[in-house]
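Chain by chain, the residues:
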Protein chains: 8
Amino acid sequence: QRLGFDEIIFGMSKTVDQIAKITDKYKQEKLDFICTGLDDRKIDILKKRYPEFEFIPKAGIMKNISSVPPKIKGKAAIITAGTSDAKVAHETGEILNCLGVNCEKFIDIGVAGIHRIFHFKKEIAESNVLIVIAGMEGALPTVIGGIFAQPVVAVPASVGYGVSAGGYSALLSMLSSCAGGITVVNIDNGFGAAMAAFRILKSGQVEK
Amino acid sequence: QRLGFDEIIFGMSKTVDQIAKITDKYKQEKLDFICTGLDDRKIDILKKRYPEFEFIPKAGIMKNISSVPPKIKGKAAIITAGTSDAKVAHETGEILNCLGVNCEKFIDIGVAGIHRIFHFKKEIAESNVLIVIAGMEGALPTVIGGIFAQPVVAVPASVGYGVSAGGYSALLSMLSSCAGGITVVNIDNGFGAAMAAFRILKSGQVEK
Amino acid sequence: QRLGFDEIIFGMSKTVDQIAKITDKYKQEKLDFICTGLDDRKIDILKKRYPEFEFIPKAGIMKNISSVPPKIKGKAAIITAGTSDAKVAHETGEILNCLGVNCEKFIDIGVAGIHRIFHFKKEIAESNVLIVIAGMEGALPTVIGGIFAQPVVAVPASVGYGVSAGGYSALLSMLSSCAGGITVVNIDNGFGAAMAAFRILKSGQVEK
Amino acid sequence: QRLGFDEIIFGMSKTVDQIAKITDKYKQEKLDFICTGLDDRKIDILKKRYPEFEFIPKAGIMKNISSVPPKIKGKAAIITAGTSDAKVAHETGEILNCLGVNCEKFIDIGVAGIHRIFHFKKEIAESNVLIVIAGMEGALPTVIGGIFAQPVVAVPASVGYGVSAGGYSALLSMLSSCAGGITVVNIDNGFGAAMAAFRILKSGQVEK
Amino acid sequence: QRLGFDEIIFGMSKTVDQIAKITDKYKQEKLDFICTGLDDRKIDILKKRYPEFEFIPKAGIMKNISSVPPKIKGKAAIITAGTSDAKVAHETGEILNCLGVNCEKFIDIGVAGIHRIFHFKKEIAESNVLIVIAGMEGALPTVIGGIFAQPVVAVPASVGYGVSAGGYSALLSMLSSCAGGITVVNIDNGFGAAMAAFRILKSGQVEK
Amino acid sequence: QRLGFDEIIFGMSKTVDQIAKITDKYKQEKLDFICTGLDDRKIDILKKRYPEFEFIPKAGIMKNISSVPPKIKGKAAIITAGTSDAKVAHETGEILNCLGVNCEKFIDIGVAGIHRIFHFKKEIAESNVLIVIAGMEGALPTVIGGIFAQPVVAVPASVGYGVSAGGYSALLSMLSSCAGGITVVNIDNGFGAAMAAFRILKSGQVEK
Amino acid sequence: QRLGFDEIIFGMSKTVDQIAKITDKYKQEKLDFICTGLDDRKIDILKKRYPEFEFIPKAGIMKNISSVPPKIKGKAAIITAGTSDAKVAHETGEILNCLGVNCEKFIDIGVAGIHRIFHFKKEIAESNVLIVIAGMEGALPTVIGGIFAQPVVAVPASVGYGVSAGGYSALLSMLSSCAGGITVVNIDNGFGAAMAAFRILKSGQVEK
Amino acid sequence: QRLGFDEIIFGMSKTVDQIAKITDKYKQEKLDFICTGLDDRKIDILKKRYPEFEFIPKAGIMKNISSVPPKIKGKAAIITAGTSDAKVAHETGEILNCLGVNCEKFIDIGVAGIHRIFHFKKEIAESNVLIVIAGMEGALPTVIGGIFAQPVVAVPASVGYGVSAGGYSALLSMLSSCAGGITVVNIDNGFGAAMAAFRILKSGQVEK
Ligand SMILES: Nc1ncnc2c1ncn2[C@@H]1O[C@H](COP(=O)(O)O)[C@@H](O)[C@H]1O
Ligand SMILES: Nc1ncnc2c1ncn2[C@@H]1O[C@H](COP(=O)(O)O)[C@@H](O)[C@H]1O
Ligand SMILES: Nc1ncnc2c1ncn2[C@@H]1O[C@H](COP(=O)(O)O)[C@@H](O)[C@H]1O
Ligand SMILES: Nc1ncnc2c1ncn2[C@@H]1O[C@H](COP(=O)(O)O)[C@@H](O)[C@H]1O
Ligand SMILES: [Mg+2]
Ligand SMILES: [Mg+2]
Ligand SMILES: [Mg+2]
Ligand SMILES: [Mg+2]
Ligand SMILES: [Mg+2]
Ligand SMILES: [Mg+2]
Ligand SMILES: [Mg+2]
Ligand SMILES: [Mg+2]
């Protein structure tokens, strides 16, 4: 399967040393790779060690991509409820890029101000798959799923405090959604949402 | 405090014998009372034993009210997301009646079909307090709270299956709501929501 | 949107009386409808009352469909880990039928006997979307997602006892999946999985 | 709706950079705003960057308010169980100020010393809405709700350790309260409690 | 250790057959015993089989006690918040009797009507250990512990619905209590509370 | 009630500033006080500010006690399962001292090496109340309660990792104990255990 | 792998119809099989339908075994804390029989009476693997593991009420055990424990 | 019992001071010991203080072993799903060494790439006990248990985020496994897994 990378490293649960060891190996083998889930401290250390690689701090990503991935037909929309969900949205966007998927972002159009959704109705309707990121009560995918007919991939975000802390409240909401056909990925899992969109768009291209 | 009843019995966690014992005492003391949380089996037995009392099975209530409560100024709206939440809505409505509070019901106008809310916008806007009952992902109070400026009392309903079962998903959603100023009562607690609305409307009448 | 039904009733959290009231209305309005989530007791009562409707007990469904839905291009595979997940698989299949989606079933090919998956590799590879139902440890979608490139909609099943009871163990597994791009719906939510597959297949047909 | 601010930023789940970006925009647009949920570290950085704004560290707030909000009729009481709940109380008080609501604070009058409540009985009785903040076993709202007839908005506080840690014990207590008509907001949600009080007091002013 | 019984059977998690098998053995060995945790169905069957034993349905108990236990100095108070907690209170009282402990009951003096506690202040103060049973928000032991200096054994009751269901809300409240020195037993564990009171009173009698 | 202190401050959930403000007040009013729940960082700061007070870092305590509390008859044993529970044991011991209660410590005699308990059998049997502290699976109180007849106050400790982390596993074990009459306090609540022992020993002294 | 059966059916999560369908197939194919997890109702129906098969109600098992399994060297001990765990112990014993494993049962020797374990010390020491079943606080495996050096397979039992209900308290205890090297299977999983013992004993026989 | 060490210290829940105090004692008594659960900070401090001891940072271990343990017959395989589980694998390996058990490691052969397991099939089949470490959805032990007949000891790893965080998702999966006879230890409990393997291999050597 030809993607924009040969390997993907999940950097969150690894020490900098573990990441460096794997990175060195891929570098030597001249493999394209992407490393996700990096916090600012890890990025600072890795930047010094690998000045030749690309770093996108707001997405928590380090990458070394030398070739352009084949373009996938269709388009994905990334929709977020607030500005606090930005990091997940940026991760999702970066991964979609590496997968050759076009995407457009609609940030901070959450449920409390429902008019903002209608404002972008036409643009959203033109996408083939909708990735909806929301923390707190996670109601946005339900509302989006009630208005639009496309596949909806919902991503619970871990922003929030009290019962919203950690994203469980949003996760349960999304799984309970009364708008039929919404699917859900793990909390903060921008990578998984991008991969799901990629699977969907690829599936739409094969002969049927 | 002059209410439409002197005593309230919570019938759900009591055996029929325990309820009958308390009922007999109130009957003898000629006290007005209301008993909530009754299932069909308990109502059948109690109906035979107390044909002189009033029974509202769809609300799970038995009552003996001889006097009319003083009318409270203002009006409450009872709004539900689906038809499955009806029992809670009926309990709420009955208690409001006994408390002397006028109310209007808006049933099955949940979030998946957001236009239904706009359809009743004017009527809802005329109420002074909004009681919003919803199960599953419990998003309705957030949407209502984003559109209307009145006090919102949210009631999570225990309808649903999987992660929605028991009403916890709706409860967490409502507590996490990004629409500021929504307050929440216990799952299925129509009685508590009615009492909260009563407290709010009474408070609005005192001199300030 | 032209589906195989005009209305859908969720029968699990409704009393037979509530279902009958809605059914009568749809019958009178000559609307095609489908009612899901019915147990054997409810089906027995409804069958007597509505002999003219179709009942599929193993799927928990009553329906009244007079017209053939437009055929959707592509095909869905329904894959289950055990024989205990059958009811969810049957519900999914029925809904897909009503939505005009072709589907094929692969029952009881769970992870403990991994060779069974390879046995059906070619047939599964021909589907455009894979619905994977599994209870207990819910590992099947991960294995499927590691072998096949199509969209995977994972459905946790509530079969099991001890820590598997209720389907939470399977749900968490599926959300945690290390096979990128798997999406998840609520426990036992065959209806939602069918709707998600429908959204995906429809999306593949629009111009991009 | 004319409030004491045009915009509100929730600072807890945002980086300082994200907050600064939004702040700059509001500053340039000459909008009044309030930013909540700030810890000491964030306040120190923001103070250096925006010496012209007002900071209330004990409430976790930065604000830029140029105009006086219209006065709301009525009064709110802020009642806390201990001194550890102070930050939530201060946030609540600040927001009420910005909303034009008069309030009085009754700090550290928790249930273990029940006489302290009776000591302030007359003052509390003069308020139109009671905001009650309590951590640990969260019993204070029940006791308050049993003595006073006004609307009670209960705020669980996250203070405590062991089973009290995070405020869940208090939250469940408050939702379970046997004193009818108590309503609850998210753990530590002083902002939400203030908004709820505002909704209630406004509602009391409209013609009915 | 000389108690009012030689053996105790926990009947809740046993089938009637298992109980009968153990009972037969004790009967044959002429041992005094007590069997707790029996529901009405089990009591009906056992009553027919063992007409010679004593049954206390409201306490869920069957017993065969031939000798009088030695009297323990001191007195225990059993205090309950509502009438729904009666079964636990009756079980506690029966066990205390069999242990030779005097006790007095104070039923339905919960926190929502705090005056009821003060009404019995003198009688309660005369007891040497206080067993306090409460469901829902479980606030009664905290209030009792704040007023009285004796040992307090708190018993969470499983009465209630929504978040109170099962007694977890009361359990957490009691463990979180801000009234120092309250101790807690398992939900509905009247037997354990009686044994704890027995241990305390016995301990008070030994030379120190 | 004459204790070894007039006031107690819970330092864990307060900032150093909040603690200092209360301390200053007590200092000025010449009140004896004890402050618990202090970590090393807080103790360092407070030590510099109040060199005249006594600090016990291993117990997390700062105190200012000028008078000797009246001696309580009887003796408490503090028993721990491991050396990791030491901090809770030291807190308990300090509070008992301030309450005028004699106590003896039996450290690291956990269940995995059951012979260690028998080694101290005689000494433990001489105490009038047993405080048993254990983390991980929390089995020690059950074993102690099965061997000794005195009141047992069990304290779950938060030591451990995986499912033992936070002390919940130990807490549930202790509440589930099959040794009748064990009572439990909050996780890490050495203060509460000491107060409970004090209540018990005092109760043993009053006329009965 | 030659076992005492060709197929195993998990009967708990299947309807009688589903079980019968599978049974008919195995019967026709002349396969030896065992069906576990059957309650009394299901056994009654199946007994009528298959009088030729063997039923062990106290173990919840139906089986059709025509050939004797090859004998495994070594012996397993089944140890239970109470009499309420009997069903799990019987299931375990039956499965071990079908696997060709000798076993001995030690029933009701729980932790509260620790002497009972020492009474059987010699017999237990002669077994090669110890299966320990316990509900409530689940402390027995820790004590057994501290005394004996053999492999310990711990089975949490779902008996109990309050926090013990469902077996979670016992499960957490066993996983937290401070006696090194104890392993755990799912709640009530007698089948799994027997299979684990079988794997262990077989492993001991192969050349190393 | 002759092991490679006389004493084992669990370093995670102890301060460096507590560890040093115990270490000093063992050093003076000339006891062989091993200390587990050490993070980098603790290792740095201890290394300076005890330059004569051996430190294995990647396993979190400090040890002082002067004598060679007797060799145990048989071999253990340590199998991990990813590279993030390395620390647990290293701890397990170190403990096995000290116990005199031979072991071989198979790192990063998780379920998403199932072919990697088949690649090592022959080597794994030669081991007598399989220790399988996996985080996230923890499916690896099920797959391993379905392919191999040896005893499987599953170790959930705490790596991951969202619902995988802390290892609960993997733990539940492993306990729910549909591959019969898999046993489980606490999250991250490499020590316990090594001890379990040791118990199993020892048991295989005794006469039966
Ligand atoms: N449906 C209900 N939900 C919640 N609380 C209720 C309900 N009905 C009655 N109550 C409360 O229960 C109290 C009576 O409880 P009890 O003495 O147990 O009958 C009343 O004072 C009410 O506060
Ligand atoms: N089996 C099912 N599972 C989940 N949701 C369903 C199911 N059947 C119907 N629904 C949803 O429930 C809605 C109808 O709910 P109601 O108005 O309460 O009957 C439909 O619009 C569907 O979105
Ligand atoms: N302290 C707070 N607690 C809860 N919600 C808040 C708080 N402060 C602001 N908000 C809400 O958060 C919204 C702003 O979120 P954001 O766009 O992420 O800054 C506002 O509209 C408020 O509804
Ligand atoms: N009592 C039991 N507990 C756990 N698993 C079981 C039990 N009985 C059978 N099984 C497992 O369930 C599988 C059969 O499941 P099924 O195909 O649904 O009947 C068998 O291969 C066993 O691994
Ligand atoms: Mg926003
Ligand atoms: Mg509806
Ligand atoms: Mg199967
Ligand atoms: Mg205080
Ligand atoms: Mg009452
Ligand atoms: Mg130790
Ligand atoms: Mg027993
Ligand atoms: Mg890997």
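The structure this text deals with has already been given above.
Values in this document were obtained by computation on a predicted structure and should not be read as measured data.

Caption draft 1: A look at the overall build of chain A. Assigned secondary structure in chain A consists of 8 helices and 9 strands. Whereas a compact globule of 208 residues would reach a radius of gyration of roughly 17 Å, chain A reaches 17 Å, a difference of no more than 12%. Judged by the C-alpha coordinates and their principal axes, chain A covers about 50 × 50 × 25 Å. Expressed as a percentage of the 208 residues in chain A, the buried residues total 62%. Residue pairs at least 24 apart in sequence account for 71% of intrachain contacts in chain A once pairs closer than 6 positions are excluded. Total accessible area on chain A is roughly 7,700 Å²; 53% of this is exposed by carbon and sulfur atoms.

Caption draft 2: Up close: the interface of chain C and chain H. Listed as interface residues are 20 residues of chain C and, on the opposing side, 20 residues of chain H. Interface area for chain C against chain H, summed over the two sides, is near 1,800 Å², with a carbon-plus-sulfur share of 70%. Taken together, the connections running from chain C to chain H amount to 0 salt bridges. Between the two partners, chain C and chain H, sit 13 residue pairs in polar contact (both at pLDDT 80 or more). Taken together, the elements giving at least two residues each to the side of chain C that touches chain H come down to helix 6 (140–147) and helix 7 (168–175) of chain C. Tallying contributions element by element places helix 7 of chain C first for the side of chain C that touches chain H, with 4 residues.

Caption draft 3: Representation of the sheet that holds strand 2 (residues 33–36) of chain E within the structure. Residues and elements named next belong to chain E. On the basis of which strands lie adjacent, the open sheet formed by 4 strands has the order 1-2-4-3 and mixed pairing. Because the sheet does not close on itself, it has two edges, and the strands there are strand 1 (7–10) and strand 3 (54–56). On average, each strand axis in the sheet is tilted by 15 degrees relative to the strand beside it, whichever way the strands run. Pairing geometry for strand 3 and strand 4 (residues 61–64), over 3 bridges, is antiparallel. By the bridge assignment, I56 is partnered in strand 4 with I61. In the packing of helix 3 (residues 86–98) onto the sheet, contacts are made with strand 1, strand 2, strand 3 and strand 4, and the angle to strand 4 comes to roughly 15 degrees.

Caption draft 4: Quick peek at the relation of the copies chain C and chain H. By a simple turn and slide, chain C fits onto chain H: the slide is 0.0 Å along the axis, the RMSD is 0.0 Å, and the turn is 180 degrees. Between the two chains, the operation in question is that of a two-fold axis. Closest approach to the rotation axis within chain C is made by the C-alpha atom of A139 of chain C, at a distance of 2.8 Å. Most of the interface of chain C is mirrored in chain H, where 100% of its interface residues are also at the interface.

Caption draft 5: Expanded view of the site of ligand 3. Neighbouring ligand 3 are the residues S84 and Y161 of chain A, C178 of chain B together with I8, I9, F10, K14, T36, E91, N189 and F191 of chain D. In this structure, ligand 3 sits where chains A, B and D come together, each supplying nearby residues. Here ligand 3, which alone exposes 510 Å², has 79% of that area covered by the protein. The element best represented in the shell around ligand 3 is strand 1 (residues 7–10) of chain D, accounting for 3 residues. A per-class count over the shell around ligand 3 returns 6 nonpolar, 3 polar and 2 charged. Summarising the domain contributions, the shell around ligand 3 has at least three residues from each of domain 1 (7–64) and domain 2 (75–205) of chain D.

Caption draft 6: Up close: the relation of the copies chain E and chain F. Mapping chain E onto chain F is achieved by rotating through 180 degrees and translating by 0.0 Å along the same axis, at an RMSD of 0.0 Å. In this assembly the copies share their binding face: 100% of the residues contributing to the interface of chain E also contribute to that of chain F.

Caption draft 7: Fine view of the nonpolar core. In this structure, I79 of chain A, I79 of chain D, I79 of chain F, I79 of chain G together with I79 of chain H are the most contacted members of the largest nonpolar core, which totals 222 residues. If sequence neighbours within four positions are ignored, I79 of chain A has contacts with F106, I109, I124, L130, I131, V132, I133, L140 and I144 of chain A.

Caption draft 8: Seen up close, the packing of aromatic side chains. In the structure shown here, the tally under the stated rule is 40 aromatic pairs over all chains. Ring geometry for Y161 of chain C and F10 of chain G: centres 5.3 Å apart, planes at 45 degrees, overall tilted. Taken together, the residues Y161 of chain C in the loop between strand 8 (152–156) and helix 7 and F10 of chain G in strand 1 (residues 7–10) connect one chain to another. On the accessibility criterion, F10 of chain G (22% relative accessible area) is partly exposed. Three or more aromatic residues joined by ring pairs make a cluster, and in this case those are Y26, F33, Y50 and F53 of chain A.

Caption draft 9: Seen up close, the interface of chain E and chain F. Contacts between chain E and chain F engage 33 residues on the former and 33 residues on the latter. Between chain E and chain F lies a buried interface of about 2,500 Å² when both sides are counted; carbon and sulfur atoms form 57% of it. Counting across the interface, chain E meets chain F through 0 salt bridges. Along the contact surface separating chain E from chain F lie 12 residue pairs in polar contact (both at pLDDT 80 or more).

Caption draft 10: Structural context of the pattern of salt bridges. All names here are of chain H. Inspection of every chain in the model, using the stated rule, returns 48 salt bridges over all chains. The salt bridge partner of E126 is K122, with a shortest N-O separation of 3.7 Å. Relative accessible area serves as the criterion here: at 63%, K122 is assigned to the exposed category.

About the cut-offs
- Residues numbered from 1 in each chain as written.
- Chains lettered and ligands numbered in written order.
- Predicted model: local features only at pLDDT ≥ 70, side-chain atom pairs only at ≥ 80, totals over all residues.
- Heavy atoms only, no water.
- Helix = DSSP H or I, 4+ residues; strand = E, 2+ residues; numbered from the N terminus.
- Rg over C-alpha atoms; globule rule 2.2 N^0.38 Å.
- Buried < 20%, exposed > 50% of the residue type's maximum accessible area, 1.4 Å probe, protein only.
- Contact = heavy atoms within 4.5 Å.
- Areas by Shrake-Rupley, 256 points an atom, 1.4 Å probe, with all protein chains shown as cover.
- Buried area = accessible area lost by both parts, 1.4 Å probe.
- Salt bridge = Lys/Arg side-chain N within 4 Å of Asp/Glu carboxyl O.
- Polar contact = N/O pair within 3.5 Å; in protein donor to acceptor, adjacent residues only side chain to side chain.
- Pairing = 2+ DSSP bridges.
- Axes fitted to C-alpha atoms, helices over the stretch in contact; angles between N-to-C directions.
- Least-squares fit on C-alpha atoms with pLDDT ≥ 70 in both.
- Near = heavy atom within 4 Å.
- Nonpolar A, V, L, I, M, F, W, Y, C, P; charged D, E, K, R; others polar.
- Domains from an automatic or database assignment.
- Core = buried A, V, L, I, M, F, W, Y, C linked by side-chain atoms within 4.5 Å.
- Phe/Tyr/Trp six-rings, centres within 6.5 Å; stacked < 30°, edge-to-face > 60°.

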